[in-house]
Amino acid sequence: MSRAILPIADRRTTTRHAWALLRSHRGPLTVSVLLFAVVGFAGIVPPFVLGSIVDVVNSGDGTARDVLTRSAIIVGAAIVGAVATTGSAVLLAQAANPALARLREEVLDRALHQDTERLEAAGTGDLMSRVGDDVRQISESLDNAIPEFVRAGVAIAFTAIGLFALDWRLALAGLLAAPFYVLALRWYLPRSAPFYRRERIAQGERAEALVAGVHGAATLRALGREAGARGRIHHHSRAALSQAVQVFALLTRLFGRINFAEWVGLTAVLTTGFLLVRADAITIGAATAAALYFHRLFNPIGAVLMIFDQIQSSGASLARLVGVLELPTPTPEQPHEGAPVVRLDGVSHRYGDGPEVVRDVDLEIAPGEHVALVGSTGAGKSTLAAIVAGHVEPSSGERDVRGRLTLVSQDVHVFAATIRDNITLAAAGLDDDGVWAAMRTARCAEWVGGLPDGLDTRVGHLGHPLTTAQGQQLALARLAAHDPQIVVLDEATAEAGSSGARLLDDAAHAVIAGRSALIVAHRLSQAREADRILVMEHGRIVEAGTHGDLVAAGGHYAELWEAWSAPTLSD
């Protein structure tokens, strides 16, 4: 594997998380299992009654009424089984689906709190395949495999009881198949687990190739590199297909072993029944019922064995989800009175084997202090901001942040939801007054109030179109609603354009008021308002001071200021 995929949990950890999710829904689970027991009992009634009908007809002493009465019992058992099956499936869904939804939310929450660099190293496809393909696999198991497993297990237990009730010799004959079933399962389980693990990883690689191709389609077309992207997608799709074919090939070999076990058991029951009937030890009806009972075991036993296959697959999926939950979550310390809320000591960073883009940086930001970061393109400003925000782990040095921190970059995202949902995403439970207050701070309340549906206006994909500046204002309003102690603005107002620049700068200034802030300044007008300015070049901080001090010093900042302000002065 060339990418550092997210971790995969071991079996013990996976089991612990699964039980923790389900035990909060013990009531519906218990009733569901009881209803499955009713289904199992209803299932053994028809073979027994059919055997009785055979004896009635064979003896010649019965009447049509006797046959019809027994037939009615079979119909009644079928109705009871159908009702109990429906009830058990509904109750199981009520227990399992909320647990699965909670699992997906916890995985997403944990992933969103990880370093951006860690997620990028794993690839978007790895995380997407986990919350997509893996959750779907588990959901299918909860909807189909688990109910079938419980139903089959109960059916096997009741059918075995029915066989012993008919004649213990017939039951022992049927048990001759058990060792062959066990051998088939022991052969299959250790071989299938690694296949499913590789299949899930291959699906993640395929998702990563697809996501990269779709997101970069315009650039790939512009550079004439579509063929390479299609080749990568084809390669990973073939690899995923190959793993799926290998899993199916292994499965067909298991089917052959199961069929052999069925043949052994049914042959033993028929032979034993024939010998007992010839010796007048049992009736023809009893032998018929025994054969029907054992034949009835084919489906539940096969289902149990096949469900073990699904459990292997779902277990691999659950382990990948739990692996994300096992990732540590950084917990920022609360700031002490007067102590720096951000401290970097000797921080350096390089991407992979490339050159250092940040070199030996020391930085302290005091409570309520606004620090601007300026410099030429490629100076390392965004990387330093990402390190402060905790989205990039430095290659060396120490980072200490005391307080809740939020990053807003120029790549803001408008979610496909209402305006209200876009704001309350950062502050669940915030009422409309709080939403309007956050939007007033971000200077967007006026244009939101002019929308047809106000806060209920849907934006984002297929929703009401927003300008880039409006999208950035929503991001700033979301930040105000979140109310962090520390803010990192990485050129968060860079895409506003000249018409919206002043309004967006005013919004950003209002949002960071009273908070500690590191501002990667695209326009030096933002830097001028800061308490302190840091100038970066080639990954180092080469100048530091207030706007007035740096202009007076005549250094690199003074040159940047002169170049930036010259067009304005000439006007």
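Please refer to the structure higher up on the page.
Residue positions are given per chain, counting from 1 as you read along its sequence in written order. The predicted origin of the model limits local features to residues at a pLDDT of at least 70 and limits the giving and counting of side-chain atom pairs to 80 or more, whereas totals for whole chains, interfaces and linings rest on all residues. Only hydrogens and water are removed before side-chain values are computed, so all heavy atoms of the structure are retained for them.

Draft legend 1. Layout of helix α13 (residues 432–441). Along α13, the positions that sit buried rather than exposed are Gly434, Val435, Ala438 and Met439. On an axial view of α13, the arc spanned by its buried residues comes to 135 degrees, and they lie on one face. Along α13, exposed side chains directed more than 90 degrees from the buried face belong to Asp433 and Arg440. In what follows, residue pairs with any heavy atoms lying within 4.5 Å of each other are defined as contacts. The way it works is that DSSP assigns letters per residue, a run of H or I at least four long becomes a helix, a run of E at least two long becomes a strand, and they are numbered from the N terminus. Where α13 is buried, its residues meet α12 (419–424), α14 (445–449) and α15 (468–482). Partly exposed residues are those whose accessible area sits between 20% and 50% of the maximum for their type, while under 20% is buried and over 50% is exposed, using a 1.4 Å probe and protein chains only. Directions drawn from the helix axis to the C-beta atoms are what define this arc.

Draft legend 2. Region of the structure containing the sheet that holds strand β3 (residues 370–375). Think of it this way: DSSP has to see at least two bridges between two strands before they count as a pair. One open sheet accounts for six strands, arranged β5-β8-β9-β3-β10-β11; its pairing is mixed. Each edge of the open sheet carries a strand with a single partner, namely β5 (405–409) and β11 (540–545). On average, each strand axis in the sheet is tilted by 20 degrees relative to the strand beside it, whichever way the strands run. In this sheet, strand β8 (residues 486–490) lies alongside β5 in parallel orientation, the contact comprising five bridges. The angle between two axes is taken between their N-to-C directions and runs from 0 to 180 degrees, where each axis is a line fitted to C-alpha atoms and a helix contributes only its stretch in contact.

Draft legend 3. Just the nonpolar core, in detail. Take the buried Ala, Val, Leu, Ile, Met, Phe, Trp, Tyr and Cys residues and link them wherever side-chain atoms come within 4.5 Å; each set so joined is a nonpolar core. Core analysis: the biggest nonpolar cluster contains 33 residues, and Tyr188 and Leu254 have the highest contact counts within it. For this core, the elements supplying multiple residues, two or more each, are α5 (124–166), α6 (168–175), α7 (178–215), α9 (226–278) and α10 (284–325). By residue number, the principal contributor to this core is α10, which donates 10 residues. Grouped together as the second largest cluster of nonpolar side chains are 31 residues, Leu451, Leu479, Ile512 and Ile519 included.

Draft legend 4. Expanded view of the packing of α6 against α9. α9 packs onto α6 with a crossing angle of 155 degrees between their chain directions and a minimal axis gap of 7 Å. With respect to their mutual orientation, α6 and α9 come out roughly antiparallel. Helix-helix and strand crossings are classified by hand; for α6 and α9 the assignment is right-handed. Counted together, Arg169, Leu170, Ala173 and Gly174 of α6 and Gly265, Ala268, Val269, Thr272, Gly273 and Leu276 of α9 form the full contact between these two elements. As a working rule, the residues Ala, Val, Leu, Ile, Met, Phe, Trp, Tyr, Cys and Pro are called nonpolar, Asp, Glu, Lys and Arg charged, and the rest polar, with Gly in that last group. Of the residues assigned to the contact of α6 with α9, the class counts are five nonpolar, four polar and one charged. Relative orientations are named as follows: roughly parallel for angles under 35 degrees, roughly antiparallel for angles over 145 degrees, roughly perpendicular for angles from 65 to 115 degrees, and oblique for any other angle. Handedness of a crossing is defined here by the sense of rotation of the near helix relative to the far one, left-handed for an anticlockwise turn of less than a right angle and right-handed for a clockwise turn.

Draft legend 5. Geometry of a nonpolar patch on the surface. On the surface, Phe164, Trp168, Leu172 and Leu175 cluster together into a nonpolar patch covering about 430 Å² of accessible area. A total of three residues in the nonpolar patch trace back to one element, the largest contributor, which is α6. Structurally, the position occupied by Leu172 is in helix α6. Classification of Leu172 as partly exposed rests on a relative accessible area of 43%. Patches here are clusters of residues that have more than 30% relative accessible area and form no salt bridge, with a 9 Å joining cutoff for like charges and a 5 Å cutoff for nonpolar side chains (Val, Leu, Ile, Met, Phe, Trp, Tyr). Using a 1.4 Å probe, the Shrake-Rupley method yields the accessible areas, and only the shown protein chains count as cover for residues. Each salt bridge in this description consists of a side-chain nitrogen of Lys or Arg and a carboxyl oxygen of Asp or Glu lying within 4 Å of one another.

Draft legend 6. Region of interest: the pattern of salt bridges. The full count for this structure, using the stated rule, is 10 salt bridges. For Arg343, the salt bridge goes to Glu364, with nearest N and O atoms at 2.4 Å. Taken together, the residues Arg343 in strand β1 (residues 342–350) and Glu364 in strand β2 (residues 356–365) connect sequence positions 21 residues apart. Judged by its relative accessible area of 37%, Glu364 falls in the partly exposed class. Put simply, Arg420 and Asp432 hold a salt bridge, and the shortest N to O gap is 2.9 Å. In this pair, Arg420 is assigned in helix α12 and Asp432 in helix α13, connecting sequence segments 12 residues apart. Members of the salt-bridge network, linked through shared partners, are Arg420, Asp432 and Asp456.

Draft legend 7. Up close: the packing of aromatic side chains. What counts as a ring pair is set by centres within 6.5 Å for rings of Phe, Tyr and Trp (its six-membered ring), and what kind of pair is set by the plane angle: stacked under 30 degrees, edge-to-face over 60, tilted for all other angles. This model, assessed by the stated rule, comprises two aromatic pairs. For the pair Phe180 and Phe260, a centre-to-centre distance of 5.3 Å together with 75 degrees between the ring planes defines the contact as edge-to-face. On the criterion of sequence distance, the pair formed by Phe180 in helix α7 and Phe260 in helix α9 is long-range, its members being 80 residues apart. Within the aromatic cluster, the residues linked to one another by ring pairs are Phe180, Phe260 and Trp263.

Draft legend 8. Representation of the packing of α13 against α15 in the model. Two elements in contact, α13 and α15, have axes separated by 8 Å at closest approach and are oriented at 125 degrees. Taken together, α13 and α15 sit at an angle that is classed as oblique. Along this stretch, α13 crosses α15, giving a crossing that reads as right-handed. Taking contact as the criterion, the partners of Ala438, Met439 and Thr441 in α13 are, on α15, Ala477, Ala480 and Ala481.

Draft legend 9. Up close: the sheet that holds β1. Taken together, the three strands give an open sheet; going across it, the order is β2-β1-β4, and neighbouring strands pair in antiparallel fashion. Each edge of the open sheet is held by one strand with a lone partner, namely β2 and β4 (396–401). The sheet shows a mean angle of 20 degrees between the axes of neighbouring strands, taken without regard to direction. Looking at chain direction, β1 and β2 are connected through six bridges and run antiparallel. Its bridge partner lying in β2, Arg350 is registered against Glu356. On the sheet, helix α11 (residues 381–389) packs against β1, β2 and β4 and is oriented at approximately 130 degrees with respect to β1.

Draft legend 10. Local environment of the side chain of His370. Structurally, His370 can be placed in strand β3. Side-chain polar atoms of His370 contact the backbone oxygen of Ile512, separated by 3.0 Å. Setting aside residues no more than four positions away along its own chain, His370 makes contact with Ile512, Ala513, Arg515, Ala517, Ile519, Ala530, Asp531 and Arg532. Two N or O atoms form a polar contact when they lie within 3.5 Å of each other; inside protein one atom must be a possible hydrogen donor and the other a possible acceptor, and for residues adjacent in sequence the pair counts only when both atoms belong to side chains.

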